[in-house]
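# Per-entry structural report
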Amino acid sequence: MSADQPLKFDLYQIDPAAPTIRPADQVRAWMEATAGFAQRCLPLTIANTSGWEFLCPVGFSATWDGGPTKHSLVVEYDAPSPMKYVSSHFGHGIITLHPGYLIQTDSGIDTQVMGTPNHIKDGVQALTGVVATDWLPFPFTMNWKMTRPGTIRFEEGEPFCFVTLLAPTAAVAACQPRILPLAANPDLAAEYAAYAQSRSNFNARLEAGEAGAIKEKWQRTYTKGQTATGRAAPEHHTTKRRMKTPVLGEPQQEDAAPSVYEQAGYIVQPMRRRPGG
């Protein structure tokens, strides 16, 4: 991608009944109740609209009894759903939702997947993920963790997932999302088919209690940086990210000139981690 080219944000539809995706709305019900004060908070409104949201095609209720298994959570749709977009897959009160698209972005551009900013729901917390959509040939899921046993609801048309590109703000605002049939990208379609078959086989083995699958616990292709067909991820694929600890003043370099803090008489020392911290 060159500097004068818009960002790629392609959504390949892997389910014909995939949920509607739209630019995220600026308004929140609780914000309207503040007599306009919250709407005048620019950081809030910019956060609210800096991405796209997926909408529930059918309302549903999720009831969790507090148990650890996937059977401890039961999902009930309000009406027949055009696709099975809600499930209990991980257990521990986690609700898994399927957006129904496979996103592809430019090299080095990840997608952040989260709940709609400042959309508050009692009893359930959106989980946030960063997905390497610049190479992954399989889709992500949106997950919510119930905070206590009980029942929560999502209404028809309510956003259940929010995505944005981890790229410069102006570039994200200028990019044009495209919804495409998966068949429009034969290589991607073949990789996805291999992933779907592998995933289905592994889950069936787990469900059947196969010792090898239970010992393996989960498929590690993403962590290993490879597709189901063995294709390698780009060299920039990472499995860990560690931010640097802030330091007082400018980072010390050998034979570097004194920082402005040292010139002013301050003693600049590296920050030390507390024992057990």
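Per chain, residue numbering runs from 1 following the sequence as it is written. Selection of residues for local features in this predicted model requires a pLDDT of at least 70, selection of side-chain atom pairs for listing and counting requires 80 or more, and totals for whole chains, interfaces and linings are taken over all residues. Side-chain measures were taken over the full set of non-hydrogen atoms in the model, leaving aside hydrogen atoms and water.

### What to know about the overall build of the protein
Formally: Secondary structure elements follow DSSP: runs of H or I of four or more residues count as helices, runs of E of two or more count as strands, with numbering from the N terminus. Burial here depends on accessible area, computed with a 1.4 Å probe over protein chains only, as a share of the maximum for the residue type. Under 20% is buried, over 50% is exposed, and the range in between is partly exposed. Whether two residues are in contact is decided by their heavy atoms, any of which lying within 4.5 Å being enough. The method behind every accessible area is Shrake-Rupley, applied with a 1.4 Å probe, and residues are considered shielded solely by the protein chains displayed.
When you go through the protein residue by residue, the secondary structure sums to 7 helices and 15 strands. Here the protein holds 277 residues, and the buried ones make up 36% of them. If you take every contact in the protein between residues at least 6 apart in sequence, the share linking residues at least 24 apart comes to 66%. Total accessible area on the protein is roughly 16,700 Å²; 54% of this is exposed by carbon and sulfur atoms.

### A closer look at the sheet that holds strand β4 (residues 60–64)
Formally: Paired strands, as defined in this entry, are two strands with at least two bridges between them according to DSSP. Helix axes are fitted only over the stretch in contact, all axes being lines through C-alpha atoms; the angle between N-to-C directions runs from 0 to 180 degrees.
Across the sheet, 3 strands lie side by side as β5-β4-β13; this open sheet has antiparallel pairing. Looking along the sheet, the strands with just one partner apiece sit at the ends: β5 (73–77) and β13 (150–154). On average, adjacent strands in this sheet sit at an angle of 20 degrees to one another, irrespective of strand direction. Relative to β5, β4 is paired through 5 bridges, and the arrangement is antiparallel. Each bridged residue has a counterpart across the sheet, and for Thr63 the counterpart in β5 is Val74.

### Some words on the side chain of Thr164
How we decide: Any pair of nitrogen or oxygen atoms within 3.5 Å is treated as a polar contact; in protein, a donor-acceptor pairing is required on top of that, and neighbouring residues in sequence qualify only through side-chain atoms on both sides.
Tracing the backbone shows Thr164 in strand β14 (residues 159–165). A distance of 2.6 Å separates a polar atom in the side chain of Thr164 from the backbone oxygen of Ser50. Discounting chain neighbours no more than four positions away, the residues touching Thr164 are Ser50, Gly51, Trp52, Asp110, Thr111, Gln112 and Val172.

### Observations concerning the environment of Thr128
In this fold, Thr128 is placed in the loop between β10 (124–126) and β11 (129–131). With 15 residues separating them along the chain, Thr128 and Val113 place their C-alpha atoms 5.6 Å apart. Non-local contacts of Thr128, meaning those with residues more than four positions away in its chain, are made with Gln112, Val113 and Met114.

### Thoughts on the packing of aromatic side chains
This is how the line gets drawn: Note on aromatic contacts: the rings of Phe and Tyr and the six-membered ring of Trp form a pair at centre separations within 6.5 Å, being stacked when their planes are under 30 degrees apart, edge-to-face when over 60 apart, and tilted otherwise. Any Lys NZ or Arg CZ that is within 6 Å of a ring centre and within 35 degrees of that ring's normal is treated as a charge sitting over the ring.
Summed over the entire model, instances satisfying the criterion amount to 10 aromatic pairs. For the pair Phe60 and Phe154, a centre-to-centre distance of 5.2 Å together with 10 degrees between the ring planes defines the contact as stacked. Of this pair, Phe60 sits in strand β4 while Phe154 is found in strand β13, placing the two residues 94 residues apart along the sequence. For Phe60, a relative accessible area of 0% gives the class buried. Relative to Tyr195, the ring of Tyr192 has its centre 6.1 Å away and its plane inclined at 40 degrees; by these criteria the two rings are tilted. Residue Tyr192 and its partner Tyr195 are both found in helix α4 (residues 186–207); the two are separated by 3 residues, about one turn of the helix. On the accessibility criterion, Tyr195 (18% relative accessible area) is buried. Here a set of aromatic residues connected by ring pairs shows up, and it is made of Phe54, Phe60, Tyr77, Tyr85, Tyr101, Trp144, Phe154 and Phe160. Lying over the aromatic face of Phe154, Lys121 brings its terminal NZ or CZ to 4.3 Å of the ring centre.

Honestly, it's all geometry; don't read function into it.
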